[in-house]
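# Analysis of the macromolecular model
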Amino acid sequence: MSRLLSGSAPLRGRAGLELLVPTLDFRLAAEFWELSDPRTALLTHAIVGGTPAYRQEFTHGDVPADPHDFDAWVARAVLNPARPLFREGRYLLAEEPELHDTALYHSVLAAIAHGNGARGGIADYLGRKSTDLAHPLGVLQDVGMITHETDAFRRNRSRYRIAEPLVTFYHSVMRPYWGDLERPGRAPAVWHRVQSTFRSKVLGPHFEQVCRDWTRWHAAFETLGGHPGRVASGTVSDPTARRSHEVGVAVHGTGVDPWRLYNGA
């Protein structure tokens, strides 16, 4: 549909309205899934994101009742080979006409999902040169599969992130155990084995993103001490300990009194 209005397309310049419909954010998704418990809503959103179709068509209306039901829900609704959501992570790439070499793009996404956000780290993970990844990374960014974010503290440092939570979940949790998951009845055992991976590679980064979104779009002026102009993650160096620290939420804005913040006011 996006091609109807681009380049030399017949309808170029004739559109009266171009409406881009993004996926639901965490708050809207929780309301749409009718999840009143924040923990259950976050766990669910970390897997299915904000795509409305996953609520009915792909899970048959199955919703986790509470945090105690979440593990069972993952096994019966997400990791169940009889449910449509099971293969959705693979089909998302196949639906994009610009992605011809799907194996390469899946490999790039797998590298990012496993924590290799910098181009050099992705290249090392794939055993390729960094210059070879300019095109696939650009295409994945153009179709909205990944985002390219600049470090909050160093402009010359950046990293790639997967924009669709289900893709991150697929490459981190499902793809390494695909053979086991295709056999009915194996989902609970696999899910039990990948709990640490889910928390570190999926839930943790997703929670940080939800916090950044909240800070950017919902935090009050009084909470931040100013208007947020940019919210990002970054890395700061500790010369004394000779190590680096990851900062999940860093806010740049206007109307902030540095001396006031320094004194803890």
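Presented here is an overview of the structure given in this document. (Residues numbered from 1 in each chain as written. Predicted model: local features only at pLDDT ≥ 70, side-chain atom pairs only at ≥ 80, totals over all residues. Heavy atoms only, no water.)

## Describing the overall build of the chain
Across its full length, the chain carries 14 helices and four strands. For the chain, whose C-alpha radius of gyration is 20 Å, the value lies close to the compact-globule estimate of 18 Å for 265 residues. Structurally, the chain occupies a C-alpha span of about 60 × 55 × 45 Å along its principal axes. Sequence separation of at least 24 residues holds for 54% of the intrachain contacts in the chain that already meet a minimum separation of 6. Taking the average place of the 30 positive charges on the side chains of the chain and the average place of its 29 negative ones, the gap between the two points comes to 6 Å. (Helix = DSSP H or I, 4+ residues; strand = E, 2+ residues; numbered from the N terminus. Rg over C-alpha atoms; globule rule 2.2 N^0.38 Å. Contact = heavy atoms within 4.5 Å. Lys, Arg positive; Asp, Glu negative; His and termini not counted. Charge placed at Lys NZ, Arg CZ, Asp CG, Glu CD.)

## So, the pairing of strand β3 (residues 227-238)
Where β3 and strand β4 (residues 243-254) come together, ten bridges link them in antiparallel fashion. Within β4, the residue paired with Asp-238 across the bridge is Arg-243. (Pairing = 2+ DSSP bridges.)

## Let's talk about the packing of aromatic side chains
The full count for this structure, using the stated rule, is ten aromatic pairs. Ring geometry for Phe-86 versus Trp-178: centroids 4.5 Å apart, planes at 20°, classification stacked. One end of the pair, Phe-86, is in the loop between α4 (67-78) and α5 (88-94); the other, Trp-178, is in helix α10 (residues 178-181), and 92 residues separate them in sequence. Like Phe-86, the residue Trp-178 is buried in the burial classification. Plain terms: the ring middles of Phe-169 and Trp-191 are 6.1 Å apart, the flat faces sit at 50° to each other, and that makes the pair tilted. Remark: Trp-191 occurs in helix α11 (residues 187-193) and Phe-169 occurs in helix α9 (residues 165-174); sequence separation between them is 22 residues. Like Trp-191, Phe-169 is buried. (Phe/Tyr/Trp six-rings, centres within 6.5 Å; stacked < 30°, edge-to-face > 60°. Buried < 20%, exposed > 50% of the residue type's maximum accessible area, 1.4 Å probe, protein only.)

## Examining the environment of Asn-80
Structurally, Asn-80 can be placed in the loop between α4 and α5. Measuring from C-alpha to C-alpha, the distance between Asn-80 and Ala-163 comes to 24 Å, with 83 residues separating the pair along the chain. If near-sequence neighbours (up to four positions away) are discounted, Asn-80 is found in contact with Ala-75 and Phe-86. A polar atom in the side chain of Asn-80 sits 3.2 Å from the backbone oxygen of Arg-76. (Polar contact = N/O pair within 3.5 Å; in protein donor to acceptor, adjacent residues only side chain to side chain.)

## Brief notes about the environment of Val-21
Looking at where Val-21 falls in the secondary structure, it is placed in the segment before α1 (26-32). Given a relative accessible area of 71%, Val-21 falls into the exposed group. When the C-alpha positions of Val-21 and Val-63 are compared, they lie 24 Å apart, and in sequence the two are 42 residues distant.

## Structural notes on the pattern of salt bridges
By the definition in use, this model includes six salt bridges. Residue Arg-55 is joined to Glu-34 by a salt bridge in which the shortest nitrogen-to-oxygen separation is 3.5 Å. Taken together, the residues span a long stretch of sequence, with Arg-55 in helix α3 (residues 53-56) and Glu-34 in the loop between α1 and α2 (38-48) at a distance of 21 residues. Since its relative accessible area comes to 62%, Glu-34 is described here as exposed. Between Arg-161 and Glu-149 there is a salt bridge whose closest N-O contact spans 2.6 Å. Of the two residues, Arg-161 sits in strand β2 (residues 158-162) while Glu-149 sits in strand β1 (residues 146-150), which places them twelve residues apart along the sequence. Relative accessible area serves as the criterion here: at 17%, Arg-161 is assigned to the buried category. (Salt bridge = Lys/Arg side-chain N within 4 Å of Asp/Glu carboxyl O.)

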